Amino acid sequence: MIPVVKCVNKIRAKGLNRREFREYCEVLDMECGDLILHCEVRWLSRGQVLKRFWKLKNIVHDSLEEELPKERVLLCNEKWMFDLAFLVDITSRLNDLNSKLQGKDKLFPSSVNDISAFKMKLKLFISQLENKDLSQFPHLKEQSECVRDNTKFTEYNEKIILLQEVCDSRFSDFAKEEDCTLAFINPFSLTEQNILKMPSNIQMELIDLKANSVLKSKFNELPSLPSESGMLNFWRSLPCEHFPELRKFAQSYACRFRTTYRCKQAFSSMKMIKNIMRSRLSDSSLKNCLLLSVTNLTPDITDLVKAKQSQKSH
């Protein structure tokens, strides 16, 4: 990654270098006309920089000339190019996972499903690399076809196995949530064995729910891939007097934070609100401004103003 960042910074640092590079891309009618600067803070930056660099690698090689001799040599090194191709492919997969985990109005069970799917994909990648099947590694396949090399991908397999171990360690608690996640997404699909694994305080209510034909028909009215709002509306429809523990169970899953995305968003909003131009902002006003910035509700300013008594001039 370091040589890639050096090459990008060298071309983007000076206006002349960047202008010549962009003109070169226009002459060759390239799909991408410029490189992307890398930023450690932005969590998708690494994958986007690598993908753009790969598309423009030949132009980068011609543009460097004698300015970065070591990096220019690397762009001609087959082994290094194989490593770069693998890095582009695996970071794009990680970016896809990160994009699925971020965002508003997404429930915790969907994160459990995304992580489980990614773990299964890693097993598939390991199996495919052992058989030299590069269908899931387009950039690695492109590099392999260019040099006609029968390279053994054992080294890359080891990297994926290491990534798999990190995922298993980091998301070890998610395996314990699979049965409860299934109960939240589709309580009517639970078998007797699944119900026995549920917390004891909701087992009886789960049995009553499965036997309730009215609620079952209401759940079946949802689309085959129900949205988060659809699932929440179903759980809200459960009568409080008959399913109090199940409602609490659903609320605990609906309110659970999936990632630190919303926390980071709140801190970013607070930083924008509490700037040097608002040094006299009180804690109560800051709290109100912060609530307005992160909420999904749109305040009706007209009605709020009507409720206030206007100050008439004397």
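Residues numbered from 1 in each chain as written. Predicted model: local features only at pLDDT ≥ 70, side-chain atom pairs only at ≥ 80, totals over all residues. Heavy atoms only, no water.

**Digging into the overall build of the chain**
- What the chain contains, in helices and strands, is 18 helices and zero strands.
- Across the 314 residues that make up the chain, the buried fraction comes to 32%.
- Long-range pairs, those at least 24 residues apart, make up 65% of the contacts in the chain with a sequence separation of at least 6.
- Taken as a whole, the chain presents about 20700 Å² of accessible surface, with 53% of it coming from carbon and sulfur. (Helix = DSSP H or I, 4+ residues; strand = E, 2+ residues; numbered from the N terminus. Buried < 20%, exposed > 50% of the residue type's maximum accessible area, 1.4 Å probe, protein only. Contact = heavy atoms within 4.5 Å. Areas by Shrake-Rupley, 256 points an atom, 1.4 Å probe, with all protein chains shown as cover.)

**Points about the environment of F137**
- Mapped onto the elements, F137 comes out in the loop between α7 (108-130) and α8 (138-147).
- Take F137: its relative accessible area is 1%, and that puts it in the buried class.
- Counting along the chain gives 47 residues from F137 to I90, while the straight-line C-alpha distance between them is 8.0 Å.

**Brief notes about the pattern of salt bridges**
- Scanning the model with the defined rule gives four salt bridges in all.
- A salt bridge links K79 to E155; the nearest nitrogen and oxygen atoms lie 3.1 Å apart. One end of the pair, K79, is in helix α6 (residues 78-101); the other, E155, is in helix α9 (residues 154-170), with 76 residues separating them in the sequence.
- Among the salt bridges present, the one from K119 reaches D168, with a minimum N-O distance of 3.8 Å. Residue K119 is located in helix α7, and its partner D168 is located in helix α9; the two are separated by 49 residues in the primary sequence. (Salt bridge = Lys/Arg side-chain N within 4 Å of Asp/Glu carboxyl O.)

**Notes on a nonpolar patch on the surface**
- A contiguous nonpolar surface patch, about 300 Å² in accessible area, is contributed by I301, L304 and V305.
- Here L304 lies in helix α18 (residues 301-306). (Patch = residues over 30% accessible without salt bridge, like charges linked within 9 Å, V, L, I, M, F, W, Y side chains within 5 Å.)

**Examining the packing of aromatic side chains**
- Inspection of the entire model under this criterion finds eleven aromatic pairs.
- Geometrically, the ring pair formed by F184 and W235 is stacked, given 5.8 Å between the ring centres and 15° between the ring planes. Note that F184 is positioned in helix α10 (residues 178-185) and W235 in helix α14 (residues 228-236), a separation of 51 residues in sequence. Taken as a pair, F184 and W235 share a single burial class, namely buried.
- Chaining the aromatic ring pairs together yields one cluster made of F184, F188, F219, F234, W235, F249 and Y253. (Phe/Tyr/Trp six-rings, centres within 6.5 Å; stacked < 30°, edge-to-face > 60°.)

**As for the confidence of the model for the chain**
- The predicted model of the chain averages 78 in pLDDT, with 78% of residues at 70 or higher.
- In the model of the chain, helix α2 (residues 15-27) stands out as the element of lowest mean pLDDT, 65, in contrast to helix α12 (residues 200-211), which has the highest, 89. (pLDDT = per-residue confidence, 0-100.)

**A word on the environment of F234**
- On the secondary structure map, F234 appears in helix α14.
- The spacing of F234 and F219 is 15 residues in sequence and 6.7 Å in space, taken between C-alpha atoms.
- Among residues more than four places away in sequence, those in contact with F234 are P187, F188, L209, L215, F219 and L222.

**Describing α7**
- Taking 1.5 Å as the rise per residue, α7 with 23 residues should run 33 Å; its terminal C-alpha atoms sit 34 Å apart, in good agreement.
- Taken together, the buried positions of α7 are occupied by F108, P109, S111, V112, I115, F118, K119, L122, F125, I126, Q128 and L129.
- Directly after α7, the chain includes K132, whose backbone phi takes a positive value near 55°. (Expected span 1.5 Å × (residues − 1).)

**Comments concerning the side chain of K119**
- Taking relative accessible area as the criterion, K119 reaches 18% and is therefore assigned buried.
- In this structure K119 touches Q164, C167, D168 and F171, once residues within four positions along its chain are discounted.

**Digging into the packing of helix α16 (residues 261-273) against helix α17 (residues 283-294)**
- Direction vectors running N to C along α16 and α17 enclose 125°, while the axes themselves pass 10 Å from each other. Considered as vectors, α16 and α17 are oriented oblique to each other. For α16 against α17, the interelement crossing comes out right-handed. Residue-level inspection shows R262, A266, S269, M270 and I273 of α16 in contact with α17, the latter providing L286, C289, L290, S293 and V294.
- Here the contact of α16 with α17 is composed, by residue class, of seven nonpolar, two polar and one charged. (Axes fitted to C-alpha atoms, helices over the stretch in contact; angles between N-to-C directions. Parallel < 35°, antiparallel > 145°, perpendicular 65-115°, else oblique. Left-handed = near helix turned anticlockwise from the far one by under 90°. Nonpolar A, V, L, I, M, F, W, Y, C, P; charged D, E, K, R; others polar.)

**So, the nonpolar core**
- Ranked by size, the top nonpolar core spans 59 residues in total, and within it L84, L140, I160, L209 and L246 carry the most contacts.
- Here this core takes ten residues from α6, the largest share from any one element.
- Those residues in contact with L84 that sit more than four places away from it in its chain are V4, L50, F53 and W54. (Core = buried A, V, L, I, M, F, W, Y, C linked by side-chain atoms within 4.5 Å.)

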